[in-house]
Amino acid sequence: MTRILLLGNSHAAALRPALRLLSEGQADLSCRFWGLPGATFAKVVQDRDGHLRLPAGNRFAQRKSLQWQVSPELDPRPFDHILLVGLRFHHRALVQQLSRLWAWEWGPMP
């Protein structure tokens, strides 16, 4: 089973229909989205356990997570591939945080 996480802001959210189509009829593929609007995504907290959590007390983030059907917490470790999509949400900081969870492989797409 290959598990793909689409992680990002509204740019990533726009790809959700494609993500659903990609995984339909593919028993060996699981696709999931997790994200928030750009400026709010930048406030997401990553705990020591690696879980990403909505910013505490942020009503806008809570409202958007319900609207976008995003859980308040996400453990990114079980995913085989994480696609970071969008602007204005501090990719570099997120990559640094996620890199503490496992070694990264960088290179050309096969």
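Please refer to the structure higher up on the page.
No experiment lies behind these values; they were computed from the predicted model shown. (Residues numbered from 1 in each chain as written. Predicted model: local features only at pLDDT ≥ 70, side-chain atom pairs only at ≥ 80, totals over all residues. Heavy atoms only, no water.)

**Points about helix α4 (residues 59-67)**
Spacing of three or four residues puts side chains on the same side of an α-helix, whose turn is 3.6 residues.
Part 1 of the argument: Of all the positions in α4, only Ala61, Lys64 and Ser65 are classed as buried. Take α4 and look down its axis: the buried residues cluster within an arc of 105 degrees, on one side only. When the buried face of α4 is taken as reference, the exposed residues oriented beyond 90 degrees from it are Arg59, Arg63, Leu66 and Gln67.
Part 2 of the argument: Check the buried side of α4 and you find it contacts α3 (38-41).
Part 3 of the argument: Its side-chain oxygen placed 3.1 Å from the backbone nitrogen of Phe60, Asn58 serves as the N-cap of α4. (Buried < 20%, exposed > 50% of the residue type's maximum accessible area, 1.4 Å probe, protein only. Helix = DSSP H or I, 4+ residues; strand = E, 2+ residues; numbered from the N terminus. Arc of directions from axis to C-beta. Contact = heavy atoms within 4.5 Å. Polar contact = N/O pair within 3.5 Å; in protein donor to acceptor, adjacent residues only side chain to side chain.)

**Description of the environment of Leu15**
Part 1 of the argument: Tracing the backbone through its elements, the reader meets Leu15 in the loop between α1 (10-13) and α2 (16-23).
Part 2 of the argument: What makes Leu15 partly exposed here is its relative accessible area of 39%.
Part 3 of the argument: On a C-alpha basis, the gap between Leu15 and Phe33 in space is 9.0 Å, while along the polypeptide they are 18 residues apart.
Part 4 of the argument: Excluding anything up to four places from it in sequence, Leu15 contacts Leu6 and Val85.

**Observations concerning the sheet that holds strand β3 (residues 45-46)**
Part 1 of the argument: One open sheet accounts for three strands, arranged β3-β4-β5; its pairing is antiparallel. Because the sheet does not close on itself, it has two edges, and the strands there are β3 and β5 (73-74).
Part 2 of the argument: One ladder, built from two bridges, connects β3 with strand β4 (residues 52-53); its direction is antiparallel. Following the sheet pairing, Val45 is matched in β4 by Arg53. (Pairing = 2+ DSSP bridges.)

**Re the sheet that holds strand β2 (residues 29-35)**
The pairing of strands in a sheet comes from backbone hydrogen bonds and takes either a parallel or an antiparallel form.
Part 1 of the argument: Spatially, three strands are ordered β2-β1-β6 in an open sheet, and the strand pairing comes out parallel. Two strands lie at the open edges of the sheet, namely β2 and β6 (81-85), each paired on one side alone. Within the sheet, the average angular offset between the axes of one strand and its neighbour, ignoring direction, is 20 degrees.
Part 2 of the argument: Pairing between strand β1 (residues 2-8) and β6: five bridges, direction parallel. Following the sheet pairing, Gly8 is matched in β6 by Val85.
Part 3 of the argument: The sheet contacts of α2 involve β1 and β2, and relative to β2 the element is tilted by about 165 degrees. (Axes fitted to C-alpha atoms, helices over the stretch in contact; angles between N-to-C directions.)

In short, geometric facts, not functional conclusions.
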